[in-house]
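Here's the letter readout for the chains.
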Amino acid sequence: MLVELLDFLGSLHPLIVHLPIGIVLLTIAIDVFMRNKNNSVQRVITMGWFFSFFSGLLAAIFGWFLGDNGYYLESQINIHKWSGIAFVSICFILWLLRYTNFRFSKSFNRSVNLTSIILLMITGHFGGEMTHGQNYLFENLPYTKKKISVTTLSESKRSNNDSLFVYEDLIHPVMEEKCIACHNQNLASGGLNMSSIESMIKGGNSGAGIQNGNPFESLIYKRVSYPHDHPKFMPPTGVPLSYDQIATLEWWIDNGAEKQMPVTLTRNDPKTLRLMELQYGLDLREKTYLETLTLSSPSQEELKSIEGEEYIWRFLNPEQSFLDLKFTKKKIEINDLLKVQSIKNNITWLNLADCMLNDNHLSYISNFPNLTRLRIQKNPLVTNKGIEALQKLEHLTELNLYGTRVSNNTLITLGQMKSLKKLFVWNTRITDKDIADFKALNPDVEVIAGF
Ligand code: HEC
């Protein structure tokens, strides 16, 4: 009961403080601007100092109750508290001196007036900082940027995102900045110490801080996502957590609240993945082989080999290093393949459809290390044996075998090619049952087997 009463009086402090401010300013104004001070005016001024002292004392006492609730750090309160006490004392002394008809010189009078105004400003300013946050004075000036909370990652961390961890790099720094001053080993407000993940999960007087997998039952999550004027909102002073910081916390708790969760795990959630990209500048998409590959472009000399009419080609990237090559004639010879050996590293897409390609030809193609897409449809001479040679193509993602003579054994070969993502097999000797078995074993591969 008493505690609640004191809390209530404490909450009146921000209201009461305006009384001494108004009274003391008026008192000084009368003192400065009234030239002829007869006795009544002198008495009004004396009374003014008394009421400044009395209302200031009340405000100070209420402020004491407010400061006692733990929502303000000692270091934040100090200047405000001591300048407030000094102000109240000065008012008291001035009233006493005037009351006892002590005569003081003009210059003394001027300097005590000035001192009390300065003390008033200091007290008011540091009080404002506590309730409205640091920077409150200037943040609403035109042309200044409003301070919102952002978590920044260093360039080296961002570029090496395989070694980024959700707790260590995205959550702990926020807690460090906003919570740990009041929730640490020495000062564990509410019994809660947030300086380590273990003690944070363990929680404070009201129980566990984090309920694994359940953000909405987790006290720490609940306290930061209350409306800002909720009495239990955390942090009680300063800049609140931003939307992305709360969303990251939510995702982390939702997904197990482990210490060692890599940021790349957010790939399983498109919304959070997007957040990582927009808020932290993290590009977490899995890179395709070609995105990680840097090659020099073929020389003019080397390009001469494909200038004849048997090939048409184009570059696939602005750096002009990846080639898309297509054979146009009806019948291919070994010689046609030997010609392009000098640019084999650059050939990333290759189309050899409908040109009497055979298994022997395929063993040459298996030396093109960066081939990712190969089209050899409508070549009835191609059999399982030729496909076996292609196993060397570690980065092949797409293979078109439509209209060749491959059968089930080819599927066994292809099942071992881990990069394969897309496969065309209609009009071959592969049966529907083989395809079904293959799909069951390789769910990541899209198999196109006709209509
Ligand atoms: C200026 C001091 C201060 C800061 C900063 C602060 N807190 Fe608190 N916190 C307190 C006080 C005092 C209590 C106890 C009174 C209460 O429960 O409201 C408390 C209580 C809590 C509790 C309840 C503990 C329990 O078991 O009862 C949680 C959870 C909490 N804070 C989370 C946070 C989080 C998260 C942050 C950072 C975003 C934070 N606090 C920042 C002062 C602070």
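What counts and what doesn't
Residues numbered from 1 in each chain as written. Predicted model: local features only at pLDDT ≥ 70, side-chain atom pairs only at ≥ 80, totals over all residues. Heavy atoms only, no water. Axes fitted to C-alpha atoms, helices over the stretch in contact; angles between N-to-C directions. Helix = DSSP H or I, 4+ residues; strand = E, 2+ residues; numbered from the N terminus. Parallel < 35°, antiparallel > 145°, perpendicular 65-115°, else oblique. Left-handed = near helix turned anticlockwise from the far one by under 90°. Contact = heavy atoms within 4.5 Å. Nonpolar A, V, L, I, M, F, W, Y, C, P; charged D, E, K, R; others polar. Donors = N, O, S within 2.8 Å, 3.2 Å for Na, K, Ca; no water. Tetrahedral: all angles 85-135°; square planar, octahedral: opposite > 155°, others 65-115°. Buried < 20%, exposed > 50% of the residue type's maximum accessible area, 1.4 Å probe, protein only. Near = heavy atom within 4 Å. Polar contact = N/O pair within 3.5 Å; in protein donor to acceptor, adjacent residues only side chain to side chain. Domains from an automatic or database assignment. Pairing = 2+ DSSP bridges. Core = buried A, V, L, I, M, F, W, Y, C linked by side-chain atoms within 4.5 Å. Patch = residues over 30% accessible without salt bridge, like charges linked within 9 Å, V, L, I, M, F, W, Y side chains within 5 Å. Areas by Shrake-Rupley, 256 points an atom, 1.4 Å probe, with all protein chains shown as cover. Salt bridge = Lys/Arg side-chain N within 4 Å of Asp/Glu carboxyl O. Phe/Tyr/Trp six-rings, centres within 6.5 Å; stacked < 30°, edge-to-face > 60°. Lys NZ or Arg CZ within 6 Å of the ring centre and 35° of its normal. pLDDT = per-residue confidence, 0-100. Buried area = accessible area lost by both parts, 1.4 Å probe.

**Brief notes about the packing of helix α5 (residues 74–99) against helix α6 (residues 106–132)**
Between α5 and α6, whose axes approach to 8 Å, the crossing angle comes to 150 degrees. If you check the angle between α5 and α6, you find them roughly antiparallel. The chirality of how α5 crosses α6 is left-handed. Note on element contacts: α6 touches α5 through V112, T115, S116, L119, L120, I122, T123, F126, G127 and M130, opposite Q76, I77, I79, H80, S83, G84, A86, F87, I90 and L94. Looking at side-chain class alone, the contact of α5 with α6 contains twelve nonpolar, eight polar and no charged residues.

**Let's talk about the coordination of the iron atom of the ligand**
Around the iron atom of the ligand, the protein contributes the donor atoms H183 (NE2) and M234 (SD), which lie 2.0 to 2.3 Å from the metal centre. Every donor counted, the six donor atoms about the iron atom of the ligand form angles of 83 to 179 degrees at the centre, which fits octahedral coordination. Of the two residues, H183 is situated in the loop between α8 (166–178) and α9 (197–202) and M234 in the loop between α10 (219–225) and α11 (243–254); the sequence distance between them amounts to 51 residues. On the accessibility criterion, H183 (10% relative accessible area) is buried.

**Let's talk about the site of the ligand**
Taken together, 22 residues sit near the ligand, with Y71, C179, C182, H183 and M234 positioned nearest. In this structure, an oxygen atom belonging to the ligand sits 2.4 Å away from a side-chain N or O atom of Y71. Tallying contributions element by element places α10 first for the shell around the ligand, with four residues. Taken together, the residues of the shell around the ligand break down into twelve nonpolar, eight polar and two charged. The residues that make up the shell around the ligand include at least three from each of domain 1 (2–132) and domain 2 (155–280).

**Here's the deal with the pairing of strand β2 (residues 323–327)**
Along any regular strand, the residues point their side chains to alternate faces of the sheet. Within β2, four of the five residues are buried, which leaves it mostly tucked inside the rest of the structure. Sheet analysis places strand β1 (residues 311–315) next to β2, joined by five bridges and oriented antiparallel. Note that in β2 the partner of I312 across the bridge is K326. Where β2 and strand β3 (residues 347–351) come together, four bridges link them in parallel fashion.

**Regarding the packing of α8 against α11**
Packing of α8 against α11 brings their axes to within 11 Å, and their N-to-C directions diverge by 130 degrees. Here α11 runs oblique to α8, going by the angle between their axes. Crossing hand, α8 versus α11: left-handed. Residue-level contacts link V166, Y167, L170, I171, V174, M175 and K178 of α8 to Q245, T248, L249, W251 and W252 of α11.

**Quick word on the side chain of N317**
Summarising the element assignment, N317 is placed in the loop between β1 and β2. A polar atom in the side chain of N317 sits 3.0 Å from the backbone nitrogen of F322.

**A closer look at the nonpolar core**
I365, I376, L399 and L423 are the most contacted members of the largest nonpolar core, which has 40 residues in total. Going through the elements one at a time, β2, β3, α16 (359–365), α18 (408–415) and α19 (432–441) are the ones with two or more residues in this core. Counting residues per element, this core draws most heavily on β2, at three residues. With residues up to four places along the chain from it excluded, the contact list for I376 reads L352, A353, L357, L362, V382, I387, L399, N400, L401 and T404. Counting residues in each nonpolar core, the second largest holds 34 residues, with I171, M175, I180 and I246 among its members.

**Looking at a nonpolar patch on the surface**
On the surface, M47, F51, F54 and L58 cluster together into a nonpolar patch covering about 370 Å² of accessible area. Within the secondary structure layout, L58 lies in helix α4 (residues 39–67).

**Things to note about the packing of aromatic side chains**
Counted according to the given criterion, the structure contains 15 aromatic pairs. Where F62 meets F65, the ring centres are 6.5 Å apart and the plane angle is 25 degrees; that geometry is what we call stacked. Within this pair, F62 and its partner F65 are both found in helix α4, separated by three residues, close to a single helical turn. Relative accessible area serves as the criterion here: at 22%, F65 is assigned to the partly exposed category. Judged by centre distance (5.4 Å) and plane angle (80 degrees), the rings of W313 and F315 are edge-to-face. Aromatic ring contacts, followed pair by pair, group F50, F51, F53, F54, F92, W95 and Y99 into a single cluster. Sitting over the ring of W349, R373 keeps its end group 3.6 Å from the ring centre.

**Thoughts on the confidence of the model for the chain**
Within the chain, residue pLDDT values average 91, and 99% of them lie at 70 or more. Within the chain, helix α7 (residues 155–159) has the poorest average pLDDT of any element, 80, and strand β4 (residues 373–375) the best, 97.

**Topic: unusual backbone geometry**
Following M234, the chain continues into P235 via a peptide bond in cis, with omega recorded as -5 degrees. Within the chain, Q320 stands out as a residue other than glycine whose phi angle is a positive 55 degrees. Tracing the backbone through its elements, the reader meets Q320 in the loop between β1 and β2. In this structure, D354 is a non-glycine residue whose phi angle is positive, near 55 degrees. When you line up the elements, D354 lands in the loop between β3 and α16.

**Re the domain arrangement of the chain**
Domain assignment breaks the chain into domain 1 (2–132), domain 2 (155–280) and domain 3 (300–448). Here domain 1 and domain 2 have C-alpha centroids that lie 42 Å from each other. Taken together, both faces of the contact between domain 1 and domain 2 bury some 510 Å²; the carbon and sulfur share is 64%. Summed over the three residues of domain 1 that lose the most area to domain 2, namely G70, Y71 and L73, the buried surface amounts to 79% of that side. Where domain 1 touches domain 2, the interface holds zero salt bridges.

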